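# Results of the structural survey
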Amino acid sequence: MAEGVELELLDFGGQGPALVFLSGLGNKGHVFDTFAPEFTAAHHVYAVTRRGFSSSSWPEQGYDTAPLGEDVVRVLEGLGRLSG
């Protein structure tokens with residue numbers, strides 16, 4: 001993520017590999033509130049609200065594919081859920 005960009009991250013808990021739900025443009029991570037818990041038996045489930053929506057930062061730029069992808073990678077790195 002770019003410096004100063006913060007993303008809303010929801011942690012639904014669970015055990016196992018990370019499963020990350022990404023809200024579509026115009027939605028927030030809470031769109032998965034009833035759906036995500038169905039996966040916690042086999043996964044640790046997260047939902048991310050993209051930049052420019054809801055409680056996530058609203059920077060002036062960085063809304064094309066590369067920065068949005070980098071945001072998700074950095075969230076996973078920060079959680080210690082991405083190896084490599």
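Look up a bit, the structure's there.
Just so it is clear, the model here is predicted, and its values are computed rather than measured. (Residues numbered from 1 in each chain as written. Predicted model: local features only at pLDDT ≥ 70, side-chain atom pairs only at ≥ 80, totals over all residues. Heavy atoms only, no water.)

Let us now look at the overall build of the chain. Across its full length, the chain carries 1 helix and 3 strands. In sequence order, the secondary structure elements of the chain are arranged as β-β-β-α. Across the 84 residues that make up the chain, the buried fraction comes to 32%. Long-range pairs, those at least 24 residues apart, make up 69% of the contacts in the chain with a sequence separation of at least 6. Accessible surface for the chain amounts to roughly 5,100 Å². Of this, 53% is attributable to carbon and sulfur atoms. (Helix = DSSP H or I, 4+ residues; strand = E, 2+ residues; numbered from the N terminus. Buried < 20%, exposed > 50% of the residue type's maximum accessible area, 1.4 Å probe, protein only. Contact = heavy atoms within 4.5 Å. Areas by Shrake-Rupley, 256 points an atom, 1.4 Å probe, with all protein chains shown as cover.)

What follows covers the packing of aromatic side chains. Each aromatic ring pair is characterised by the separation of its centres together with the angle its planes make. Counted according to the given criterion, the structure contains 4 aromatic pairs. With a centroid separation of 4.9 Å and 25° between ring planes, the pair formed by F21 and F32 is classed as stacked. With F21 in strand β2 (residues 18-22) and F32 in the loop between β2 and β3 (44-49), the pair connects residues that are 11 residues apart, well separated along the chain. The buried category is assigned to F32, whose relative accessible area is 15%. Taken together through their ring pairs, the aromatic side chains of F21, F32, F35 and F39 make up a single cluster. (Phe/Tyr/Trp six-rings, centres within 6.5 Å; stacked < 30°, edge-to-face > 60°.)

Before going further, it helps to examine the side chain of E8. Looking at where E8 falls in the secondary structure, it is placed in strand β1 (residues 8-13). Buried and unpaired, E8 has no salt bridge, with K28 as the nearest side chain of opposite charge at 6.5 Å. Of the polar contacts made by the side chain of E8, one reaches the side chain of T49; its length is 2.6 Å. (Lys, Arg positive; Asp, Glu negative; His and termini not counted. Salt bridge = Lys/Arg side-chain N within 4 Å of Asp/Glu carboxyl O. Polar contact = N/O pair within 3.5 Å; in protein donor to acceptor, adjacent residues only side chain to side chain.)

With that out of the way, let us pick up the sheet that holds β2. Read across the sheet, 3 strands follow the order β1-β3-β2 without closing on themselves; strand pairing throughout is mixed. Sheet topology places β1 and β2 at the edges, where each strand pairs with a single neighbour. Across this sheet, the average inter-strand angle for adjacent strands is 20°, counted without regard to direction. (Pairing = 2+ DSSP bridges. Axes fitted to C-alpha atoms, helices over the stretch in contact; angles between N-to-C directions.)

The quantities given are spatial measurements derived from coordinates; they are silent on function.
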